[in-house]
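Here is what each chain is made of, one letter per residue.
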Amino acid sequence: MATTASTDAVPGFRGTYFGRIKNAIISIMEGMSVTLGYLLQRPITIQYPDRTPKPVKDTLPERYRGILELDMKTCTACLACERACPIGCIKIEVVKDKETKKRYITRFDIDIAKCMYCGLCVDPCPGGAIRHTNEFEGSTSDVQYLVRRFVPPGERIEPAKPKKKEKEEAGAEGS
Ligand code: SF4
Ligand code: SF4
């Protein structure tokens, strides 16, 4: 003898055939009423980045840790930031001119693709040469563009002279 399966045992499939059609229509109408309600309201979301009332970076907190920047005019090439970075984002190379005995920075790279914005490199910088900005948009078509080079290839930059206090602190650390 043939038997018909009862849909009453299956959640969501209770009732008669026409009853289920009625429930489906009511359900769609309820959903659409919510959608239409939002259609008539001012949008809650905004289109980024071109339709924000002001640039997002201008709304960030003062101490926001964004992409690092470097002021080469105040960098003394003390290497404290390079030593402090736990994942080796910062690469500094310093050479000494044999004739003039002066030191020169030949490389100062920060790999912002690796950077985790922890700020550990910023704290030990004696003159505030390296600091976070409120810049956070780093998307690029090639990951190599995320290495910020502060000394152009083939050039060398004379570091700033350490201030007296910095020299004393460096001496105290060395002793
Ligand atoms: S913010 Fe942190 S991870 Fe980034 S360069 Fe500085 S120490 Fe390294
Ligand atoms: S800690 Fe500051 S002064 Fe020293 S190398 Fe880094 S940026 Fe330059």
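Right, let's walk through the structure included here.

Criteria and thresholds
- Residues numbered from 1 in each chain as written.
- Chains lettered and ligands numbered in written order.
- Predicted model: local features only at pLDDT ≥ 70, side-chain atom pairs only at ≥ 80, totals over all residues.
- Heavy atoms only, no water.
- Helix = DSSP H or I, 4+ residues; strand = E, 2+ residues; numbered from the N terminus.
- Buried < 20%, exposed > 50% of the residue type's maximum accessible area, 1.4 Å probe, protein only.
- Contact = heavy atoms within 4.5 Å.
- Areas by Shrake-Rupley, 256 points an atom, 1.4 Å probe, with all protein chains shown as cover.
- Near = heavy atom within 4 Å.
- Nonpolar A, V, L, I, M, F, W, Y, C, P; charged D, E, K, R; others polar.
- Pairing = 2+ DSSP bridges.
- Axes fitted to C-alpha atoms, helices over the stretch in contact; angles between N-to-C directions.
- Core = buried A, V, L, I, M, F, W, Y, C linked by side-chain atoms within 4.5 Å.
- Polar contact = N/O pair within 3.5 Å; in protein donor to acceptor, adjacent residues only side chain to side chain.
- Salt bridge = Lys/Arg side-chain N within 4 Å of Asp/Glu carboxyl O.
- Patch = residues over 30% accessible without salt bridge, like charges linked within 9 Å, V, L, I, M, F, W, Y side chains within 5 Å.

A few words on the overall build of the protein. Within the protein one finds 3 helices and 5 strands. Going from N to C terminus, the protein has its helices and strands arranged as α-β-α-β-β-β-β-α. Residues classed as buried in the protein amount to 21% of the 175 residues present. For the protein, the proportion of contacts with a sequence separation of at least 24, taken over those separated by at least 6, is 69%. For the protein, the exposed area adds up to about 13600 Å²; of that, 56% sits on carbon and sulfur atoms.

All right, on to the site of ligand 2 then. Taken together, 13 residues lie around ligand 2, and Cys 75, Cys 78, Leu 79, Cys 81 and Cys 125 are the ones closest in. Tallied by class, the residues present in the shell around ligand 2 amount to 12 nonpolar, 1 polar and no charged.

Moving on: the sheet that holds strand E3 (residues 103-111). Taking strand neighbours across the sheet as the criterion, the 3 strands line up as E2-E3-E5 in an open arrangement whose pairing is antiparallel. In this open sheet, the two edge strands, each paired with only one partner strand, are strand E2 (90-96) and strand E5 (147-149). Averaged over all pairs of adjacent strands, the angle between strand axes in this sheet comes to 15°, irrespective of strand direction.

Cys 81, Ile 90, Ile 105, Phe 108, Ile 110 and Ile 130 are the most contacted members of the largest nonpolar core, which totals 22 residues. Every element with two or more residues in this core is listed here: strand E1 (68-70), E2 and E3. Among residues more than four places away in sequence, those in contact with Ile 90 are Cys 81, Glu 82, Phe 108, Asp 109, Ile 110, Cys 121 and Ile 130.

What follows deals with the site of ligand 1. Around ligand 1, the structure places 14 residues, and the nearest of them are Cys 85, Cys 115, Cys 118, Gly 119 and Cys 121. Of the residues belonging to the shell around ligand 1, the class tally is 12 nonpolar, 2 polar and no charged.

Moving on to the pairing of E2. Looking at chain direction, E2 and E3 are connected through 7 bridges and run antiparallel. For Ile 90, the partnering residue across the bridge sits in E3 and is Ile 110.

This part covers the environment of Lys 101. Summarising the element assignment, Lys 101 is placed in the loop between E2 and E3. Judged by relative accessible area, Lys 101 falls into the exposed class, the value being 57%. A distance of 3.0 Å separates a polar atom in the side chain of Lys 101 from the backbone oxygen of Lys 98.

Moving on to the pairing of E3. Linking two consecutive strands that pair antiparallel, namely E2 and E3, is a turn of 6 residues; a positive phi of about 65° is found at Lys 101 within it. Sheet topology places E3 next to E5; 3 bridges connect them, and they run antiparallel. For Asp 109, the partnering residue across the bridge sits in E5 and is Arg 149.

What follows covers the pattern of salt bridges. Counted according to the given criterion, the structure contains 9 salt bridges. A salt bridge links Glu 93 to Arg 107, with the nearest nitrogen and oxygen atoms 3.2 Å apart. On the criterion of sequence distance, the pair formed by Glu 93 in strand E2 and Arg 107 in strand E3 is long-range, its members being 14 residues apart. Between Glu 158 and Lys 161 there is a salt bridge; the shortest N-O distance is 3.4 Å. What emerges from the salt-bridge pattern is a single network uniting Glu 93, Arg 107, Asp 109 and Arg 149.

The subject of this paragraph is the side chain of Asp 97. Residue position: Asp 97 is located in the loop between E2 and E3. On the accessibility criterion, Asp 97 (16% relative accessible area) is buried. Ignoring any residue separated from it by four or fewer positions in sequence, one finds Asp 97 in contact with Lys 102, Tyr 104 and Arg 156.

Our focus in this paragraph is a nonpolar patch on the surface. Among the surface-exposed residues, Tyr 17, Phe 18, Ile 21, Ile 25 and Met 29 lie close enough to one another that they form a single nonpolar patch of about 590 Å² accessible area. Relative to the assigned elements, Met 29 resides in helix H1 (residues 17-39).

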